[in-house]
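Close look at the chain arrangement
Okay, here's what each chain looks like letter by letter:
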Number of protein chains: 2
Amino acid sequence: MSNGVTTQTLTEVVADHLRRLIHLGEVGPGDRLPAERELAEQLGIARLSLREALKTLQNDGYVEVRRGARGGTYVTELEAPVARWRARMRTVSGEFDDIIDFRIGLETETARLAAARRTPEDLAAMRTTIDDLTVAHDRTAFRLADSRFHASLARAARSSRLCAAVESTRAELFNTHDLLPFIDPVQESVDDHEVVFRAVEKGDVDAAAAAMRDHIEHTRTQLRAIVFATDPPSPDAPGATTVS
Amino acid sequence: MSNGVTTQTLTEVVADHLRRLIHLGEVGPGDRLPAERELAEQLGIARLSLREALKTLQNDGYVEVRRGARGGTYVTELEAPVARWRARMRTVSGEFDDIIDFRIGLETETARLAAARRTPEDLAAMRTTIDDLTVAHDRTAFRLADSRFHASLARAARSSRLCAAVESTRAELFNTHDLLPFIDPVQESVDDHEVVFRAVEKGDVDAAAAAMRDHIEHTRTQLRAIVFATDPPSPDAPGATTVS
DNA sequence: GTGCAAGGTACAGACCTTGTACCTTTGTAG
DNA sequence: CTACAAAGGTACAAGGTCTGTACCTTGCAC
């Protein structure tokens, strides 16, 4: 009738959770995570379970752990994970476009609903994230503001499922700005967000959906150029099957 | 920084898996599941784990278990789960529209991509499911054909994420045809599918998306009437907090 | 060089999952 | 009406996972 089912271990769940926070930019390179005991309590798990998850992230090159006073768990520059992600996008056929197509489905509808349902408070929240985006002076700040913009849009759409799915899907992509030196794509991206915002503000559902589609297609183009560049900035994997 | 994380037990995962098969119509009222030993092997789990999951489904009124020769696990008429689902949709504010909105986002994009990418084989597969739909003579057959239509569309869209998400979301709704005696909504539904199919066949992406949107809005209307009817066909729960 | 705030390690108890063996119920063939 | 076979029902021991608790080690700051 059907095939296998399995459970994840707590360690895996926690590792995924933390990885997602990093991918979404909630914590970025150089940041320190809370102390183990504290974080374990926040997550409602035993310290050992957390430690195992951190071990995984350490092996994957997401964090490094230092002992002693001023010790703790610090997010790395993410070179290794980015290289592995890039190798995977090149290797696994269709994966890249699959994610982008999915995002388009989710986010165009989100934009549409947001345009129909947004309150003045929603608009204010979105405005703030766009302002943050404009003044962002480094990758981490930019990425975080970007995530927050899409999240505030999803909140304005009043759809918890869209909200959750948008976030999950964003977490599957490293943001452009982790892959490139912090340069020109930025202005285009800021403009895109502005266009979406204006349409949502006006309450023009079709324009909002169209603007969002354009924005994500721009992202597709940018990312594709980086992922499939023949001149690779790859610090690690050659092109082989480093896929986990 | 964030809140709790947990794992599911195998029992929960298996129960969800089986519940989903029932919701999707892969097995319907009166059907018998494979014998415990056999099913456990298919799923790659111990018999005890499966038994615990079946116990859950039994308590929830999805299946009944009979002993002896000709014994086994049989899917019920689903009255209790449907009543509980209905109570929940009435009670949890916004849940109902949340699910429908999400479906619209997923399935309009699916239709759009399917129209752009479908091969002759895809069209043939879709045609088959529509034919099944037309000649379906009972709830179960209808529901299964309906699920299959949407699945074949998602396959034509060549997007594994959309495919998976469409299926998951469909599993969150009991199909209309479990909620009503088998009557008039059917013809409208068949026509809707036909319209979507024609647009996909023609390769008209906008028409396909629009047709799908209309179809799901029709479903919303139908379902809403049933869920929020003041004259309840409720065989079980009054209207109270039977929500699990 | 002492204090202290981290991470590192160890261990026992509770719970989950598995594999295996055996018992009970019940329809039906002979 | 008896015996068989095909199901579910029960029991148990071994191994894995998660938790709580206690204690050790490292290395910065004063």
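Residues numbered from 1 in each chain as written. Chains lettered and ligands numbered in written order. Predicted model: local features only at pLDDT ≥ 70, side-chain atom pairs only at ≥ 80, totals over all residues. Heavy atoms only, no water.

1. A few points about the protein's contact with DNA strand C
Close to DNA strand C lie 23 residues; Arg47(A), Arg51(A), Leu10(B), Ser49(B) and Gly68(B) are nearest. Within the contact set of DNA strand C, a base oxygen lies 3.3 Å away from a backbone nitrogen or oxygen of Gly68(B). Within the residue set of the surface near DNA strand C, elements represented by two or more residues are helix 2 (36-43), helix 3 (47-59) and strand 1 (63-66) of chain A together with helix 3 (47-59) of chain B. Here the residues of the surface near DNA strand C are counted per class, giving eight nonpolar, five polar and ten charged. (Near = heavy atom within 4 Å. Polar contact = N/O pair within 3.5 Å; in protein donor to acceptor, adjacent residues only side chain to side chain. Helix = DSSP H or I, 4+ residues; strand = E, 2+ residues; numbered from the N terminus. Nonpolar A, V, L, I, M, F, W, Y, C, P; charged D, E, K, R; others polar.)

2. A short note on the domain arrangement of chain A
Residue and element names in this part refer to chain A. Here the domain parsing of chain A yields domain 1 (10-77) and domain 2 (81-227). Here domain 1 and domain 2 have C-alpha centroids that lie 26 Å from each other. Between domain 1 and domain 2, the residue contacts involve 13 residues of the former and 13 residues of the latter. In terms of surface lost to domain 2, no three residues of domain 1 exceed Arg20, His23 and Leu24, which account for 48% of the buried area on that side. At the boundary of domain 1 and domain 2, one finds two salt bridges. Here Arg148 makes a salt bridge to Glu26, at a shortest N to O gap of 3.2 Å. One can count five residue pairs in polar contact (both at pLDDT 80 or more) joining domain 1 with domain 2. (Domains from an automatic or database assignment. Contact = heavy atoms within 4.5 Å. Buried area = accessible area lost by both parts, 1.4 Å probe. Salt bridge = Lys/Arg side-chain N within 4 Å of Asp/Glu carboxyl O.)

3. Here we look at the relation of the copies chain A and chain B
Structural alignment of chain A on chain B gives an RMSD of 0.0 Å, achieved by rotating through 180° and translating 0.0 Å along the axis. The superposition operator between the copies reduces to a two-fold rotation axis. The C-alpha atom lying nearest the rotation axis in chain A is that of Gly105(A); the distance is 2.8 Å. By residue overlap, the copies meet face to face through one surface: 100% of the interface positions of chain A are interface positions in chain B. (Least-squares fit on C-alpha atoms with pLDDT ≥ 70 in both.)

4. Regarding the interface of chain A and chain B
Between chain A and chain B, the residue contacts involve 39 residues of the former and 39 residues of the latter. At the boundary of chain A with chain B, the tally comes to ten salt bridges. One salt bridge connects Glu109(A) with Arg213(B), and the closest N-O pair in it is separated by 2.8 Å. Every element with two or more residues in the side of chain A that touches chain B is listed here: helix 1 (10-23), helix 2, helix 5 (95-117) and helix 8 (160-170) of chain A. Looking at the side of chain A that touches chain B residue by residue, the classes come out as 18 nonpolar, twelve polar and nine charged.

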